[in-house]
Amino acid sequence: TSPGSNDVLLGRGGGTNNHSGNVKFRRLVNEHKYKYLACSKVDKPKVARDVVAIWRAQTPPGRFLAREQQSTSSQDKPIRWKEVR
């Protein structure tokens, strides 16, 4: 799977942090931060689920992608991504 502009790349470092989908997702999370902080412990998971639902409802749909495991012999190949549900 090739990452698109509505995909969040899971992982650490500049490559994932600077991906356009990650930047947009952080902006969406920040828009809901005060609602999350103001609600009770019981309601916090609902706010998080709402953020994920908004992300997935985009066109094209927002996805969360993790790197596929690659053998050491395939280091020259491009990074492959798989969707995380």
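Residues numbered from 1 in each chain as written. Predicted model: local features only at pLDDT ≥ 70, side-chain atom pairs only at ≥ 80, totals over all residues. Heavy atoms only, no water.

Chemist: Would you mind going over the nonpolar core in detail, with residue names and values included?
Modeler: Judged by nonpolar contacts, V8, F25, L28, V51, W55 and F64 together constitute the single largest core of six residues. Going through the elements one at a time, helix 2 (20-31) and helix 4 (44-56) are the ones with two or more residues in this core. With sequence-adjacent residues up to four places away left out, F25 is seen in contact with V8, V51, W55 and F64. (Core = buried A, V, L, I, M, F, W, Y, C linked by side-chain atoms within 4.5 Å. Buried < 20%, exposed > 50% of the residue type's maximum accessible area, 1.4 Å probe, protein only. Helix = DSSP H or I, 4+ residues; strand = E, 2+ residues; numbered from the N terminus. Contact = heavy atoms within 4.5 Å.)

Chemist: Which residues make up the packing of helix 2 against helix 4, and what values do they have?
Modeler: Remark: helix 2 packs on helix 4, axes separated minimally by 10 Å, with the N-to-C direction vectors making an angle of 140°. By the criterion of interaxial angle, the relationship of helix 2 to helix 4 is oblique. In the packing of helix 2 onto helix 4, the handedness of the crossing is right-handed. Note on element contacts: helix 4 touches helix 2 through V51, I54 and W55, opposite G21, K24, F25, L28 and V29. (Axes fitted to C-alpha atoms, helices over the stretch in contact; angles between N-to-C directions. Parallel < 35°, antiparallel > 145°, perpendicular 65-115°, else oblique. Left-handed = near helix turned anticlockwise from the far one by under 90°.)

Chemist: Give me the pairing of strand 2 (residues 63-67): which residues, what numbers.
Modeler: Judged from the three bridges that link them, strand 1 (residues 7-9) and strand 2 form a sheet pairing that is parallel. Each bridged residue has a counterpart across the sheet, and for L9 the counterpart in strand 2 is L65. Across three bridges, strand 2 lies against strand 3 (residues 81-83) in antiparallel orientation. Considered in strand 3, the bridge of A66 is made with K82. (Pairing = 2+ DSSP bridges.)

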